[in-house]
Amino acid sequence: MTTTSDRPKASGSAPASSDNVSLRDRWNSLPRPQQWLVLIPVVVLIYALPVLNPPLLTTEPGTNFPLALFDAARFALIAIGLNVVVGQAGLLDLGYVGFFAIGSYVAALLTSPDSVLWHIPYLWTLPLAMVVTMFFGLVLGGPTLRLRGDYLAIVTLGFGEIVRLLATIVGPLKGQVGFQSVGSPPGTNSEGDPIFTTSNGTAWYWLVVTITIAILFLVGNLERSRVGRAWVAIREDEDAAEIMGVATIRFKLWAFVIGAAIGGLSGALFAGQVGFVNNQKFDVPTSVLFLAAVVLGGSGNKVGVVLGAFVVSYIPNRFVELAAYKYLIFGIALIVLMMFRPQGLLGARQRLLAYGRQAYLRLVGRPEQVSSDSSLRGEGEKAG
């Protein structure tokens, strides 16, 4: 009689032996309250970075460190919005800079003294920029989201260029001259000087980090909802999702509109910190950098895209002498990454259930694994 110990074990059920995988397994098996307790010191450290100015991380004297941190936080917020479109719903968007530009111009038109429009407090422009970009996302996405792949990429690329060209040829948008003295949040220090100035990167960094944490919380809840499960189904196989009853057009439009809103919010924050907006800041290479942050960090993984955004923004500020070659460096890095780790630095996790972590653990007996094209192929070969 064959005992349980004598039976051959399936290759897929073998325990992970590497320290990296076991650490990930232990993290995924923790209840969410315990994960939050672990993350609290990390968040405190993130807030303290501009004050600590660690010698190994500092970008000085080449670049002001708090301003470099603000730039990284801004890129992270942009990458989170683009990840909703590209990573969650699987829609290739090459013109995301268009939404970023619209948000910047909303803040400039409603706060700059160079604008003839009625002026409002700067903080009011943040939700207004989200509403305006959501409207443009709806207008663009409605007729175009029936397209797929390369065709959708071309349309979105054209949208980004149209926004830049309109800013050049439409008189009230002032083209290359632009808008100066864009508004900023209120508040003064003990000496009566404004807190949110173009040179005070610390205050702007704290503001963007706070907004980013709130956006991460909201996006995370969306991913675990019915909407997030529909996005994953569309990303994996749109035809199969439609056959199973998923309203693909409606959910793709949801992703496009939500991503547009986050892009507009980041644009308004950028305009407030820089204090100047013109048509030179919203070109195609900038949009490519946004996409590179998502692909480099791991499309579909929120933490991964934040890491990718930090790398894309930090390296040119840390090594100023290499800033002119940043497109070459990131191009080579992406080629190497696609060859050896196509899922990015942190691959996306398959989580089709709202409580998928617990369900997977109960059914399989071990925490969920990071999925990628290469790993899926490996499992298929083992099963065969």
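Look above for the structure.
What counts and what doesn't
- Residues numbered from 1 in each chain as written.
- Predicted model: local features only at pLDDT ≥ 70, side-chain atom pairs only at ≥ 80, totals over all residues.
- Heavy atoms only, no water.
- Salt bridge = Lys/Arg side-chain N within 4 Å of Asp/Glu carboxyl O.
- Helix = DSSP H or I, 4+ residues; strand = E, 2+ residues; numbered from the N terminus.
- Buried < 20%, exposed > 50% of the residue type's maximum accessible area, 1.4 Å probe, protein only.
- Expected span 1.5 Å × (residues − 1).
- Contact = heavy atoms within 4.5 Å.
- Phe/Tyr/Trp six-rings, centres within 6.5 Å; stacked < 30°, edge-to-face > 60°.

Caption draft 1: Representation of the pattern of salt bridges in the model. Enumeration over the complete set of coordinates arrives at seven salt bridges. Here R164 and E161 are joined by a salt bridge, their closest N and O atoms 2.8 Å apart. With R164 and E161 both in helix α6 (residues 149-169) and three residues apart, this pair spans about one turn of that helix. The class for E161 is partly exposed, based on a relative accessible area of 23%. E238 is the salt-bridge partner of K252, the closest N and O atoms lying 3.0 Å from each other. Here K252 is found in helix α10 (residues 248-274), whereas its partner E238 is found in helix α9 (residues 238-243), with 14 residues between them in sequence.

Caption draft 2: Summary view of helix α11 (residues 284-297). Helix length check: α11, at 14 residues, gives a terminal C-alpha distance of 20 Å against a target of 20 Å (1.5 Å per residue), a fit within 8%. Taking burial as the measure, the 14 residues of α11 include 10 buried ones, the bulk of the element. On its buried side, α11 packs onto α3 (65-88), α4 (97-111), α12 (302-318) and α13 (326-340). Phi turns positive one or two residues past the end of α11, at G298, with a value near 130 degrees.

Caption draft 3: Focus on the packing of aromatic side chains. By the definition in use, this model includes 14 aromatic pairs. A centroid spacing of 5.8 Å and a plane angle of 80 degrees characterise the contact between F99 and F256, whose relative ring orientation is edge-to-face. Taken as a pair, F99 in helix α4 and F256 in helix α10 lie far apart in primary sequence, 157 residues in all. Residue classification places F99 among the buried positions, given a relative accessible area of 1%. Look at F256 and you get buried, because its relative accessible area is 1%. Ring centres of F100 and F282 lie 5.8 Å apart, and the angle between their planes is 65 degrees; on these two criteria the pair is classed as edge-to-face. Linking F100 in helix α4 with F282 in the loop between β2 (276-277) and α11, this pair joins segments that are 182 residues apart in sequence. Among the residues examined, F100 registers a relative accessible area of 1% and is labelled buried. Note on F282: relative accessible area 2%, which makes it buried. Taken together through their ring pairs, the aromatic side chains of F75, F100, Y105, F179, F270, F282 and F290 make up a single cluster.

Such coordinate-based values are descriptive only and should not be taken to indicate function.
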